[in-house]
Amino acid sequence: MKYVRVLCAVTLALMLCSAFTLKEKEKSVYAFGVAASFNDSIVYYTDIQVLDSVELDKNGFLPKRDLYTYQLKNYLEYNLKKPDYTCMIYFSENRKKLEKEAVKVKGKYKKSKNMVLQVVKPEAFAFAKPHE
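Treat the numbers as computed from the prediction; the structure is a model and nothing was measured.

A. Spatial organisation of the nonpolar core. Judged by nonpolar contacts, the single largest core of 18 residues is most densely connected at Ala35, Leu51, Leu62, Tyr68, Leu72, Leu76 and Phe127. Elements supplying a minimum of two residues to this core: strand 1 (29-36), helix 2 (65-78) and strand 4 (86-92). For Leu51, the residues in contact, after removing those within four places along its chain, are Val29, Ala31, Leu62, Tyr68 and Phe127. Judged by nonpolar contacts, the second largest core, of 11 residues, contains Ala36, Tyr45, Ala102 and Tyr109.

In structure tokens, the structure reads:
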């Protein structure tokens, strides 16, 4: 009986110690971009992408999110020769939630009969972590 008590005490101590050393699993951050212009009927959008080694800040915002929108804007200006586009980035740690948001955003543009949705191929453009 004495051995059982000692074994239970040691097991309990190991469980408590290991519970405090567990690290929180890093969550992936997903994002997609949309670019629209008042001068053009084409609306460009990217597929949902995983952002490389990025964590949301304590308020749930994407750090340097303006630099991600500039990446899309620069791609459109320099590669597709499409100036004057306003770019937006949508992000979340929950992919399903972001997929619903993407459907909602694209649906708003599809309702307009004069707007054409154009996907930006992932091979051509991918968001990259901004340099610090």
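Structure shown, so let's carry the discussion forward.
B. Quick peek at the pairing of strand 1. Of all eight residues making up strand 1, eight are buried, and the element is well covered by its neighbours. A two-sided burial pattern is seen for strand 1, the buried positions comprising Val29, Ala31, Gly33 and Ala35 on one face and Tyr30, Phe32, Val34 and Ala36 on the other. Direction of pairing for strand 1 relative to strand 3 (residues 49-51): antiparallel, over a ladder of three bridges. Bridging across to strand 3, Val29 finds its partner in Leu51. Pairing geometry for strand 1 and strand 4, over seven bridges, is antiparallel. Each residue of the ladder has a partner; that of Gly33, found in strand 4, is Ile89. Linking two consecutive strands that pair antiparallel, namely strand 1 and strand 2 (residues 42-46), is a turn of five residues.

So, how was this worked out
- One numbering rule holds for all chains: residues counted from 1, following each sequence as written.
- pLDDT decides what is reported in this predicted model: residues at 70 or higher carry local features, side-chain atom pairs at 80 or more are listed and counted, and totals for whole chains, interfaces and linings draw on all residues regardless.
- The side-chain figures draw on all heavy atoms in the structure; neither hydrogens nor water molecules are used.
- By nonpolar core we mean a set of buried residues, namely Ala, Val, Leu, Ile, Met, Phe, Trp, Tyr and Cys, connected to one another through side-chain atoms within 4.5 Å.
- Only protein chains enter the calculation, and the probe is 1.4 Å; a residue is then buried if its accessible area is under 20% of its type maximum, exposed if over 50%, and partly exposed in between.
- Elements are defined by DSSP. Helices are runs of H or I of four residues or more, strands are runs of E of two residues or more, and each kind is numbered from the N terminus.
- Note on definitions: a residue-residue contact is assigned when non-hydrogen atoms from the two residues lie within 4.5 Å.
- Any two strands with at least two DSSP bridges between them are considered paired.

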